[in-house]
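Descriptive analysis of the structure
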Amino acid sequence: MLNVYITVDTEIWWGAPDLSNFREDYDRWFIGRTPRGTYGVPFQVELLNQYGLTAVFLTEPLFASVVGLEPLKDMVSLMQEGRQNVQLHLHAEWLTRMAHPPIPHRDRKHIRHFSEDEQALLLRLAQANLQAAGVSNACAFRAGNFGANFATLRALARNGILIDTSHNTCYLGAACDLPTPAPLLQPQTMEGVV
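Residues numbered from 1 in each chain as written. Predicted model: local features only at pLDDT ≥ 70, side-chain atom pairs only at ≥ 80, totals over all residues. Heavy atoms only, no water.

1. Describing the overall build of the protein chain
Condition: Each helix is a run of DSSP H or I of at least 4 residues and each strand a run of E of at least 2, with the numbering of both proceeding from the N terminus. In this setup the radius of gyration rests on C-alpha atoms only. A globule is expected at 2.2 Å times the number of residues raised to 0.38.
Counting secondary structure elements, the protein chain contains six helices and seven strands. Along the protein chain, helices and strands appear, N-terminal first, in the series β-α-β-β-α-β-α-α-β-α-β-α-β. On C-alpha atoms alone, the protein chain measures out to a radius of gyration of 17 Å, which is about the 16 Å that the 2.2 N^0.38 rule sets for 194 residues. Dimensions of the protein chain along its principal axes, counting C-alpha atoms only, are 50 × 45 × 30 Å.

2. Considerations on the side chain of His167
Selection criterion: Only protein chains enter the accessibility calculation, which uses a 1.4 Å probe; a residue whose area is less than 20% of its type maximum is buried, one above 50% is exposed, and one in between is partly exposed. Identification of polar contacts relies on pairs of N or O atoms within 3.5 Å, with a donor-acceptor requirement for protein atoms, meaning one able to donate a hydrogen and the other able to accept it, and with residues adjacent in sequence counted only if both atoms are side-chain atoms.
Among the structural elements, His167 can be located in the segment after β7 (163-164). For His167, a relative accessible area of 18% corresponds to the buried category. In this structure the side chain of His167 is engaged in a polar contact, spanning 3.3 Å, whose partner is the backbone oxygen of Leu178.

3. Observations concerning the nonpolar core
The line we're drawing: As used here, the term nonpolar core means buried Ala, Val, Leu, Ile, Met, Phe, Trp, Tyr and Cys residues forming a set that is joined through side-chain atoms within 4.5 Å.
One finds Phe30, Phe57, Leu90, Leu123, Leu130 and Phe141 to be the most contacted residues of the largest nonpolar core, which totals 51 residues. Contributions of two or more residues to this core are made by α1 (22-31), α2 (41-50), α4 (70-81), β5 (85-90), α5 (116-132), β6 (140-143) and α6 (150-158). Looking at this core element by element, the count peaks at five residues for α5.

4. Section: the pairing of β6
Put simply, the rule reads: Two strands pair under a simple rule: DSSP has to find at least two bridges between them. Every crossover in which the path from the first strand over the helix to the second runs clockwise, viewed with the strands pointing away from the viewer, is termed right-handed.
Covered by surrounding structure in β6 are Ala140 and Arg142 together with Phe141 and Ala143, the residues of both alternating faces. Two elements, β5 and β6, share three bridges in a ladder whose sense is parallel. Among the inter-strand pairings, Leu88 is bridged to a residue of β6, identified as Phe141. The parallel pair β5 and β6 is bridged by α5, and the resulting crossover is right-handed.

Structure representation (C-alpha cells):
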C-alpha cells in the first residue's frame with residue numbers, strides 16, 4: 001500500500017488594488033466559481049468525502065488582517081464541517097495590503113526574505129488569525145510559493161509548529177532555499193521540525 005498526503009494550498013488573492021472586489025476574489029479563489037461550474041474548495045471537500053478521504057488544507061490566514069475574520073471563519077467552518085484537516089499556509093505578500101503591518105514589507109515576496117525573528121512574528125500573527133477562525137491545533141505549515149529557508153524552520157519550532165511541507169525540489173534555487181546534501185525523499189528532522 002502506498003501512503004500519501006493530499007494537500008491543498010487554500011488562499012485568496014486580490015483582483016483590485018483597493019480590495020473593492022474582495023467578494024468576487026473570494027468566489028474565484030475559494031469557491032472556485034467559473035463559467036462552467038464551481039470547482040473550488042467546497043467541490044473538493046465534497047469529492048474527498050465521497051471517497052472517504054481526508055486532505056490537509058494549508059490555509060492562508062494573513063488576509064484576515066486586511067479584510068476581517070469573517071471570510072476566514074467561513075472557510076475554516078466549511079473545511080472542518082467537511083471533516084478535513086486545516087493547517088497553516090502563509091503568503092507574506094498580504095503585508096503590502098495591511099494598513100499597519102507588524103513588519104515593514106519593502107516588497108519582500110517570500111517569508112525567507114525576513115529575519116528569523118520577523119518570520120516568528122509573522123507566524124504568530126497567522127496562527128492567531130487561524131485560531132480566531134476556529135483552528136486550535138495547527139501543527140503543520142507550508143510557505144507561500146515554497147519560499148522558506150532554514151530560519152523559517154527555526155521560527156516554526158519557536159511557535160510550536162513541528163511539521164513543515166515547504167521543501168520542494170523543483171523550487172530549489174528559486175523560491176525554496178532549503179537545500180539538502182541529497183534529495184529529500186522521506187520525512188527528516190531539520191532545525192527541530194519534521
